[in-house]
Each structure stands twice: as structure tokens, then as C-alpha cells.
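Structural overview for review
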Amino acid sequence: MEKKRMKKASWYKKEIDKSLVKSLHENYNIDLITASILSRRNIVQGKNIKFYLEHDILYLHNPFLFEDMDIAVERILLAKQEQENVRIFGDRDVDGMTSTILLKERLDEEGLNVSWRLPAGDEPYGLTKEGVDAFAEEGGTLIITVDCGITNVEEVAYAAQLGIDTVILDHHLSSEILPPAVAVIDPKIEGSGYPFKNLAGCGVAAKFIWALNFSQTELYQQEIVLLHARPGNETVIIEAVKLENMIEIDRVIEEVNPGVLPAEQSRLWEFLLDRPIFVYDQEQEISLLKQAFGKNTQIGLLETADEIWKFFPSLKGNSLVQLDRMSKAKRYYQERPLEIDVFLNVFQAYMYRKYPKLSSEFIKILDLVAIGTVADLMPMKDENRILIKYGLRVLNAHERPSLRTFLYKRKLLEKKLSTTDIGWQISPIWNAAGRLGVPELAVEMLLSKDEAEQETLIDQMVNLNKKRKKLGEDAWSRLYPKAGKSFEDSGERLIVVDDKQLNRGITGIIASRLMNNFHVPAMVIAHLEDKLIGSMRSSKEFHVKDFLSKFDDILLDYGGHQCAGGFSLPHENMEKFISRVKEKIAFVEPQDTVATYEIDAELPKKYVNPNLIHIVEKLEPYGEDHPPLIFMVRDVEIEEMTEMGNTKPLHLRLLISTGKHKWPAVFWRAADRVPEDFTSGERVDILFRLGKNYFKQQETLQLTILDITRNADTVLTNSM
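Residues numbered from 1 in each chain as written. Predicted model: local features only at pLDDT ≥ 70, side-chain atom pairs only at ≥ 80, totals over all residues. Heavy atoms only, no water.

1. What about the overall build of the protein?
In plain terms, the rule: Secondary structure is summarised from DSSP: a helix means a run of H or I of at least four residues, a strand means a run of E of at least two, and numbering begins at the N terminus for each. Throughout this description, buried means an accessible area under 20% of the type-specific maximum (1.4 Å probe, protein chains only), exposed means over 50%, and partly exposed covers the range between. The contact rule is simple, with two residues in contact once any of their heavy atoms fall within 4.5 Å. Per-residue accessibility takes into account occlusion by the displayed protein chains alone, with areas from the Shrake-Rupley method and a 1.4 Å probe.
What the protein contains, in helices and strands, is 24 helices and 24 strands. Viewed in the frame of its principal axes, the protein has a C-alpha envelope of about 90 × 70 × 55 Å. Here the protein, with 720 residues, has 53% of them falling under the buried criterion. Considering only contacts in the protein between residues 6 or more positions apart, those separated by 24 or more positions represent 66%. Carbon and sulfur atoms make up 48% of the accessible area of the protein, which totals about 33,000 Å².

2. Comments concerning a positive patch on the surface
The criterion, for reference: Every patch collects residues that have over 30% relative accessible area and no salt bridge, joining them within 9 Å if they carry like charges and within 5 Å if they are nonpolar side chains (Val, Leu, Ile, Met, Phe, Trp, Tyr). The rule for a salt bridge is simple: a side-chain nitrogen of Lys or Arg has to be within 4 Å of a carboxyl oxygen of Asp or Glu. Charge convention: Lys and Arg are scored as positive, Asp and Glu as negative, and His as well as the terminal groups of each chain are ignored. Taken as the charge centre is NZ of Lys, CZ of Arg, CG of Asp or CD of Glu, depending on the residue.
Taken together, the side chains of Arg-410, Lys-411, Lys-466 and Lys-469 make up a positively charged region of the molecular surface. Inspection of the secondary structure puts Lys-466 in helix H20 (residues 451-489).

3. Here we look at the packing of aromatic side chains
For clarity, the cut-off: Two aromatic rings, drawn from Phe, Tyr or Trp (for Trp, its six-membered ring), form a pair once their centres lie within 6.5 Å of each other, and the interplanar angle then sorts them: stacked below 30 degrees, edge-to-face above 60, tilted otherwise. Working rule: Lys NZ or Arg CZ, within 6 Å of ring centre, within 35 degrees of ring normal, means a charge sits over the ring.
One pass over the full model with this rule turns up 23 aromatic pairs. Here the aromatic residues Phe-278, Tyr-280, Trp-309, Phe-311, Phe-343, Phe-347 and Tyr-350 are joined through ring pairs into a cluster of three or more. For Arg-393, the ring lying beneath its charged end belongs to Tyr-390, and the centroid distance is 5.3 Å. Its guanidinium or amino end placed over the ring of Trp-476, Arg-513 lies 4.0 Å from that ring's centre, counting from NZ or CZ.

4. Details of the pairing of strand S1 (residues 10-14)
For clarity, the threshold we go by: We treat two strands as partners when DSSP finds at least two bridges between them.
Only one face of S1 is covered, namely the one carrying Trp-11 and Lys-13; the face carrying Ser-10, Tyr-12 and Lys-14 has none of its residues buried. Here 3 bridges tie S1 to strand S17 (residues 596-598), and the two strands are oriented parallel to one another. The partner of Trp-11 across the bridge, within S17, is Tyr-597.

5. So, unusual backbone geometry
Along the chain, Glu-620 connects to Pro-621 via a cis peptide bond; the corresponding omega equals 0°. By secondary structure assignment, the location of Pro-621 is in the loop between helix H24 (612-618) and strand S19 (631-644). In this model, Val-674 is joined to Pro-675 through a cis peptide bond whose omega is 0°. Mapped onto the fold, Pro-675 is located in the loop between strand S21 (662-667) and strand S22 (683-695). A positive phi angle, close to 60°, is found at Asp-147, a residue other than glycine. When you line up the elements, Asp-147 lands in the loop between strand S4 (142-146) and helix H7 (153-161). Residue class for Asp-147 comes out buried when judged on its relative accessible area of 0%. A positive phi angle, close to 70°, is found at Met-246, a residue other than glycine.

6. Notes on the side chain of Lys-50
Inspection of the secondary structure assignment puts Lys-50 in helix H3 (residues 46-53). Despite its burial, Lys-50 pairs with no opposite charge, the nearest such side chain being Asp-382 at 7.6 Å. Not counting residues within four places of it along the chain, the set of residues in contact with Lys-50 comprises Tyr-59 and Tyr-332.

7. Observations regarding the packing of helix H5 (residues 94-109) against helix H15 (residues 366-375)
Cut-off, in case you're wondering: Here an axis means a line fitted to C-alpha atoms, over the contact stretch when the element is a helix, while the angle between two N-to-C directions is reported on a 0 to 180 degree scale. Angles are sorted into four bins: roughly parallel if under 35 degrees, roughly antiparallel if over 145, roughly perpendicular if 65 to 115, and oblique for all others. Should the near helix be turned anticlockwise from the far one by less than a right angle, the crossing is termed left-handed; should it be turned clockwise, right-handed. All residues other than Ala, Val, Leu, Ile, Met, Phe, Trp, Tyr, Cys, Pro, Asp, Glu, Lys and Arg, Gly among them, are scored as polar; the first ten of these are nonpolar and the last four charged.
Running from N to C, H5 and H15 cross one another at 160°; their axes reach a closest spacing of 8 Å. Taken together, the axis directions place H5 and H15 in an arrangement best described as roughly antiparallel. In this structure, H5 crosses over H15, and the sense of that crossing is left-handed. Along the contact surface, H5 presents Val-94, Asp-95, Thr-98, Ile-101 and Leu-102, while H15 presents Leu-368, Val-369, Ile-371, Gly-372 and Ala-375. Of the residues contributing to the contact of H5 with H15, the split by class is 7 nonpolar, 2 polar and 1 charged.

8. A short note on the sheet that holds strand S13 (residues 522-527)
Taken together, 5 strands build an open sheet; the order of strands is S12-S13-S14-S16-S15 and the sheet is mixed. The sheet terminates laterally at strand S12 (495-499) and strand S15 (557-560), the two strands that pair on one side only. The mean inter-strand angle of the sheet, taken between neighbouring strand axes irrespective of direction, is 15°. Examined bridge by bridge, S13 and strand S14 (residues 532-537) share 6 bridges and lie antiparallel to one another. In the sheet register, Ala-526 faces S14, and the bridge partner there is Ile-533. Of the strands in this sheet, S12 and S13 are in contact with H20, which crosses S12 at around 145°. Contacts between helix H21 (residues 507-518) and the sheet are confined to S12, S13 and S14, with S14 contributing the most and set at about 35° to the helix.

9. A few points about the side chain of Glu-254
As a reminder, the rule being used: Any N or O atom pair separated by 3.5 Å or less is treated as a polar contact, with the protein-specific requirement of one donor-capable and one acceptor-capable atom, and with residues adjacent in sequence counted only for side-chain atom pairs.
You can see Glu-254 is positioned in strand S9 (residues 247-256). One buried charged residue, Glu-254, forms no salt bridge at all, with the nearest opposite charge on Arg-267 at 4.5 Å. Of the polar contacts made by the side chain of Glu-254, one reaches the backbone nitrogen of Arg-267; its length is 3.4 Å. Among the polar contacts made by the side chain of Glu-254, one reaches the main-chain amide nitrogen of Leu-268 at a distance of 3.1 Å.

10. Section: a negative patch on the surface
Judged by side-chain charge, Asp-281, Glu-283, Glu-303 and Asp-306 come together as a negatively charged surface patch. Secondary-structure assignment places Asp-281 in the loop between strand S10 (277-279) and helix H10 (282-293).

11. Some points on the confidence of the model for the protein
The line we're drawing: What pLDDT expresses is the predictor's confidence in each residue, scored from 0 to 100.
Per-residue pLDDT for the protein averages 92, and the proportion of residues at 70 or more is 98%. A low-confidence stretch, residues 1-6 (pLDDT under 50), is modelled with 18 contacts involving residues beyond four sequence positions or located in other chains.

12. Regarding the nonpolar core
Note the cut-off: Here, nonpolar core means buried Ala, Val, Leu, Ile, Met, Phe, Trp, Tyr and Cys residues that are tied together by side-chain atoms lying within 4.5 Å of each other.
Of all hydrophobic cores here, the largest spans 155 residues; its most connected members are Phe-347, Ile-426, Trp-430, Ile-686 and Phe-688. The biggest single contributor to this core is helix H13 (residues 339-354), with 10 residues.

13. Topic: the packing of H15 against helix H18 (residues 419-435)
Between H15 and H18, the shortest axis-to-axis distance is 9 Å and the interhelical angle comes to 85°. Relative to H18, the element H15 lies roughly perpendicular. For the pair H15 and H18, the contacting residues are Leu-368, Ala-370, Ile-371, Val-374 and Ala-375 in the first and Thr-419, Ile-422, Gly-423, Ile-426, Ser-427 and Trp-430 in the second.

14. Describing the pairing of strand S2 (residues 85-89)
Our working definition: Here a crossover is taken to be right-handed if, once the strands point away from the viewer, the path from the first strand over the helix to the second is traced clockwise.
Counting buried residues along S2, 5 of its 5 residues qualify, which places the element largely inside the surrounding structure. One ladder, built from 5 bridges, connects S2 with strand S3 (residues 113-117); its direction is parallel. The residue of S3 that forms the bridge with Ile-88 is Trp-116. Once the chain exits S2 it traverses H5 before rejoining the sheet at S3, and the crossover so formed is right-handed. When S2 meets S4, the two strands line up parallel, connected through 4 bridges. Bridging across to S4, Phe-89 finds its partner in Thr-145.

15. Quick look at the sheet that holds strand S6 (residues 183-185)
Pairing within the open sheet is parallel, and its 5 strands lie in the order S3-S2-S4-S5-S6. A strand with exactly one partner marks an edge of an open sheet, and here the two such strands are S3 and S6. This sheet shows a mean twist of 20° between the axes of neighbouring strands, independent of strand direction.

16. Brief notes about the environment of Ile-143
Within the secondary structure layout, Ile-143 lies in strand S4. Given a relative accessible area of 0%, Ile-143 falls into the buried group. Sequence-wise, Ile-143 and Lys-330 are 187 residues apart; in three dimensions their C-alpha atoms are separated by 43 Å. Other than its neighbours up to four places away in sequence, Ile-143 contacts Arg-87, Phe-89, Leu-127, Val-132, Phe-135, Ala-159, Ile-164, Asp-165, Thr-166 and Val-167.

Structure follows, in C-alpha cells:
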């Protein structure tokens, strides 16, 4: 059953400050269309723009910014030293699977005795006392939770009573009380220290892996100082930065009048005392320090320039001033960087190149980070963009044998994969295994070294996905009428449906589909033998976890993100739960069910040419909070139009003429709009996305039409 015909869509184009667009164009060396798009999306500060224009791993945040990261690393190093029995507890979705695999492979490299476990069948999400008991019986002493654990206060305390430590690697929202774990790594908890809250679980796992890699360098847990002196106005200006685990923990800038103050009495002295001091040009630095503090000044300095030049030959002979002129990074600073900042950037790049485990080898694990992050619908902003850019490169290079087998079996090996392919071609099959209670199939497939075993497991996963689709379609037919009634009864504010035949593994899928159809929050509840299990989905305007928290006294448990959550409750609380949900939702304003398209750029017809794809690709990857670009163009001609559909016309294939160029196009679920809204041979205004179509190893540009109006009917909503 399909959704009812929606009201006419709204076209919205945000007004922008032309002077700001010009400034972005000049400061970041980008074309005016790209500058306009960034401005409309409110991406206007250097600290944010860099994640859209750059892809260097150096722009990632340092994992040791997490308050507990060094504690977590130390606990793993102790487990290695003591040959402890370690178990990873993950989750049944793609994020949990990829997190589990990443950590398992890395700890195997350390020679740890490590096993893993995901919730199977109808087992609940997260750490359980039964799981702790089973591990205790095997002599286990360390649990690491990935993509779960942050709400398992009782279970972590119970493990501690049995002599088992817990390290939590999670990204979900916590309750008021944190679990009594040895270390808690979660960007969403207050006081985590981490500047980006929206890592996926696999992103948190990857950060931990990088920190573990860094522990194998000579700078781990060391305080060091980078120092640079430069001539002032008859003075010497000395800049120094103190680092620990490559994080700046302090800095000092002192302007010294030569010969006035001994070094021992300067603010700088205590800063430098008993720490290795690295400089870029030892001879010049010693000369300036002697000028500042006297010829007898003795400060031990460690030269880095020669080592840096070995890894970056193009920098040889350049001073820090010259390196500053060459630097791209400086344009993203809020204020003009000092020369010590240039040295800091170069030193960091040197460390990354010197230790491949911090860079090239670390990048090799980002294929799974990209898959898990996209599958978990994490915002496509900040460092997620760089993690996914690298992840897509690794994914398309087919470096992971088991993943290469999967792509081959799914006929995806020859295609350049994007975030869309992850969302539609990869994660649904992996998720199907988790939804139907056997998430271990996906983990075993990806960990397997045997191609025949990989293929067998892939076939099982594909069959489960077919079963999941059938269950979903059957459930949709049963639940859609109930959803319509719930929608009306709630005053078009919310949908709540339950079903005794529903498989718990597809509640989230049905909730998402209902939310997308009715444009209101949707709650879907399955009946298990011992309890009820539910999923809730919403748009960003409605906070799911906050809403579920209003019922914590009658729920067994709940958790999730802003737009997605899960919960369980006893059968006997069902009636009370539904009643209270209706009470709470009555105070929520009804949401607008009219589709709204936010236009990124209105283009003259001459700009709708093949070069437009370069702008589209420049701002990849796309995903949550950064959807594919929407362009508008007026007065184009529909030269050809054919209907598509297996049993009845559903979709349209079009040929659009913009004058000099003709474009193949598809318009999904639009066959019923002909001829009422438009027809072949007409001149119309269109909204479209531009992408590449792959067919029989041939790549062509194609428009995806989002909406069409006759010229006279086009109405734009403009707003600041």
C-alpha cells in the first residue's frame, strides 16, 4: 500500500550575503557557485570549511583529547603484559559489527587472547549479566564494549564484583550515572574532552586503535617542547609549545630584551626544564637564545629539520617563514598562525610519516569505519567527512580480501562506490543478519581468511536479507492502515503501532518508513514472549531519547540518538505506556507534512554543463546533515519521456534539454503526475541532483529530478 498523494512541494531558497560569498571565494580559492553553496549551508568558518575542502588525515582530532584515552590504552597494555583473557561485547547492527571487527583485528596484532560476542536471537542490546557470568566462567578479566555499554551501569558494577574490569568504547547518550568502568570513551558524555560529539561507534573504536598505535612511539606519555625564537623590534620573541601525546597542553610567548634577564629568571625557564626541546633550525635558535640571555646560555636543543626533510624532501632548505607561505592549513585558522604553529603542523606531519601506524597503516582500517558511520546515519560533518573520504578510497581499492569477495558476489567490484552504495547495497545485507538474530554471520564473514567460507556466509546473509524484505512487506501491509488511524487520532503528531506477528528485527525499518511517509515521529512495537520491544524514528526537530526518557519508570530500558531509539517494556505496561505517550504528544505542535526542497544553487542554463559534476564531487561525501546538492534551473525542455514500472507505470525516464546540452534523467514515483503537472514537449522549471550512472562498465552523467513545475507555477520561498 502506497502513501497518499502529498500536497504540492515547497521550493525554498535561502538568501545569502553576496559579500560573504565573495570573501569565501577569495579566501579559500573556490568558485563562486561552491562559495554560494557553502554559504547557504552555513559552512562559513575556516574550522568547518576545512572538512569540506581538505582530506588530509592531519585534520583529524587527536584521540588523546578523550579524558580517559590514556587510561584505556594503559589497561590494554597491562592486559597484554599479563596475558589476560579479553572479550569484546558489540552490537548487532553494522556499526557494532564493524567496531567489533576493528578491535578484534587490532588486539590480535598485539597477541592478546581476545574473543568477541554480539547479541544473538532475542538477546537485549548491550552488556548483560548473563554475558558477564559466561565470561567469568572462562577466566575472563577484561571486557571492552564497543557501540554499547554507556547505559550498562548495573552490569559493569556486577562485572567489577566478579573481578572483571570494563573499558567502554561507545557513542550513545548516557544516563545521569556513568558505569563504574576503568575508562569510558564516549564523545557524547559531559566532560569527555573530545571536540566532536558525532563519531559512530566504529569511529570511537578507530580512535582507540590510533591511540594504541601511538603508544608504540617514543613520544607516548612524554612531555616535550617545541621552541622557536625570532627577532623582534630590538628584542627576541621566544615561542614555545608543550605537548603530551601530541596534544598541546600549554604554551608561552615571551619577548626578551637582550642582556636584561638571565634565562633562569625568565618565564620560559620553568617551561623548558627537564623536557626534550625540539627546534627546526638549531643553529639559528641557539644564536637567538644567546642573543636574548647572554653568550653563556646553555639550553639543550634537538634538531628536527634534517629528519623532517628526509620524509618531505620538497621542504629542504626552507625556513619556517617560507613554510608559512607554503601552508594551506593557515587559511583555516581563526587568527593568523604564529611561526611556532607552522612548526607544530610540520612536526605533526613528520610524526605521522615517520610512524606509518599513525597514517598509512591506520588509513587501511577506514573502509569499515566508512561503512559503519554511513550505516549508523552519523552526521556527515567535521572529521567524519575525512574518515569517510579515506574509507571510500580504501573500499574502492579492495584492500580487504573478505570485503572484496563480498563486492564481487554483489556485482559491485567494478563500480566506484559512494556513500549511497554503502547505504543501499552493503549495509542492508549486513543489517539483515543482525535484525534476524544472527549478526555473527557478518562478523565471521569479514574476519574469515578463507574465500569459500566467505562466499558461503555471504549467501546466507543475502538469503536473510530476502527474508527480511518479505517480512517487511508483509508487515507494511498490516501496519499501514493502523498507522493512518494512529496519525489521525494523534492530531497528525505521532504514529504508534504494535503487531503480534512482527519480527523484532524490522521494527526500526518499519518505523523509518512510516516516519518518511507521514513526516511525523513513528513508534513500532513488536510482541516477544517475555516483553515488548520497540523502535522509534523521527526528524531532527523531535528528540527521540529525550521523549523516551519521560517513560523510564514503566520501561525496562531505552536508549538511542536524537533521531532514533529503541526501548522495551513489560506486556502489562503496554496500555499505560500508550496512554501516557498520547498525553505527552498532545503538547507537541503538529509537523508540516508538505515536502520542502532547500535549493543549494539556482543556475543559469549555460552553467548546467558537464563541468557541474566537479562541484558535486568537490563537496562529497554526502549523507546525514549534508545531503546531495539540489540545483534549480528554469525554462528547460522535456524533449522525451517514457514510463517505467514492472506492473504499472511508476517512474519516468526523461531527456531534458538545457539548450546546448541534453541530459538523461530519472524522476522516481512521478508517473501519476503526467499530464496534470507536466508533459513531454513542455518548457518547465526543475529541481535536480547531478550524479553518475554506471551501466555495463560505462559511466555517464544523469540528472535525478526531484520536482517539476510549469514556469508560471514556480513559487520560491526566500528567507534570510
